[in-house]
Amino acid sequence: MVWSRPLPSDPSSVTVLKNKVGQYHVSFVVEVDIPYLPAEYEAVGVDLGIKTFATTSAGEFIESPHYDRLDRKIRRFQRQLARQVKGSKRWQRTKHCVAKLHLTIANIRNDFLHKLSTRLVTENQLISLEDLNVKGMVKNRTLARAISLQGWGIFRSMCAAKCAMLAREFQVISRWESTSQVCSSCGYRWGKLDLSVREIVCLNCGATHDRDENAAMTILRSGVEQSQDPKNGHRVSVRPGCQVVCDDVSTRPVVIQLSLGV
Ligand SMILES: [Zn+2]
């Protein structure tokens, strides 16, 4: 067994996993104290997309890794697999290739999503995301494959888990809120836009918006409103230097999972 790092404390349980490619992973459950680190910025809204994976309300455009070359390979092998005799040696070899490519894509995606979510969560006190109807969107057959490759769902759960771990606030905006149909500076509603429209000039205030950035700003505003709404149980201020959020975090043990590749 190859250790990538020492365990921070004695593990309470160990799980051994074997994947389709034949690699073994050992997963430990350990208890660690996570010190409370105040965030640099107050809040961020994130709009998720296909071409640019994420657009933040701060005007950052984050590209997703290119999966298409690997995805094309998978499709080629899968066509080959369909022609081969089920259960034969060659069929098994092709199957192994497909599994390996799927794993490579998953590794690239997880690496990208982990790095991005960690950065967004550590930098910001509040993260606001849109509740996407992924199941419904996948029904659009021309985009289904591209949407499935993105991993929006994984990204959302990563953000939620890391927010809980680092005492950040996590808000999800209702999918019925029309984030791309309203002006983020004046609230004017211009209605539904075709997907090809990338830039909008507001008829009311004259501001020029990038489509995705405008959506991210709207998501941020709704997230902050939602968090300050007393109906939602607790009122958390997002002003900088504010220490309302969980002040006992530094002493609360958090269970995290460490995975060690073998
Ligand atoms: Zn406007």
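The model shown is predicted, which means the values in this text are computed figures rather than measured ones.

Rules behind the numbers
Residues numbered from 1 in each chain as written. Predicted model: local features only at pLDDT ≥ 70, side-chain atom pairs only at ≥ 80, totals over all residues. Heavy atoms only, no water. Pairing = 2+ DSSP bridges. Helix = DSSP H or I, 4+ residues; strand = E, 2+ residues; numbered from the N terminus. Axes fitted to C-alpha atoms, helices over the stretch in contact; angles between N-to-C directions. Contact = heavy atoms within 4.5 Å. Phe/Tyr/Trp six-rings, centres within 6.5 Å; stacked < 30°, edge-to-face > 60°. Buried < 20%, exposed > 50% of the residue type's maximum accessible area, 1.4 Å probe, protein only. Lys NZ or Arg CZ within 6 Å of the ring centre and 35° of its normal. pLDDT = per-residue confidence, 0-100.

**Student:** Whenever I open this one, the sheet that holds strand β4 (residues 52-56) confuses me. Can you help?
**Tutor:** Pairing between the strands of a sheet comes from backbone hydrogen bonds, and it takes one of two forms, parallel or antiparallel. Read across the open sheet, the five strands follow the order β5-β4-β3-β6-β7; overall the sheet is mixed. Because the sheet does not close on itself, it has two edges, and the strands there are β5 (61-63) and β7 (169-173). The average undirected angle you get between the axes of adjacent strands in this sheet is 25 degrees. Pairing analysis gives five bridges linking strand β3 (residues 41-48) to strand β6 (residues 124-130), with the strands arranged parallel. Counted as the bridge partner of Val46 is Leu129 from β6. On top of the sheet, helix α2 (residues 89-123) reaches β3, β4, β5 and β6; it is set at about 130 degrees to β6, its chief contact. On the sheet, helix α6 (residues 211-228) packs against β3, β4, β5, β6 and β7 and is oriented at approximately 130 degrees with respect to β3.

**Student:** So what exactly am I meant to see when it comes to the packing of aromatic side chains here?
**Tutor:** To describe a pair of aromatic rings, you give the distance between the ring centres and the angle between the ring planes. Scanning all chains against the criterion turns up three aromatic pairs. Between the aromatic rings of Trp3 and Phe28, the centroid separation amounts to 5.6 Å while the plane-to-plane angle is 20 degrees, which identifies the pairing as stacked. On the criterion of sequence distance, the pair formed by Trp3 in the segment before β1 (13-18) and Phe28 in strand β2 (residues 24-33) is long-range, its members being 25 residues apart. What makes Trp3 partly exposed here is its relative accessible area of 46%. Members of the aromatic cluster, connected to one another through ring pairs, are Phe53, Phe112 and Phe155. Positioned above the aromatic ring of Phe77 is the side chain of Arg76, whose terminal nitrogen or guanidinium carbon lies 5.6 Å from the ring centre.

**Student:** Please clarify how the confidence of the model for the chain should be interpreted in this entry.
**Tutor:** If pLDDT is low for a region, its predicted coordinates should not be looked at in detail. Residues of the chain with pLDDT of at least 70 account for 87%, and the chain-wide mean is 83. Throughout residues 233-262 the model reports pLDDT below 50, and contacts reaching past four residues in sequence, or to other chains, amount to 71 contacts.

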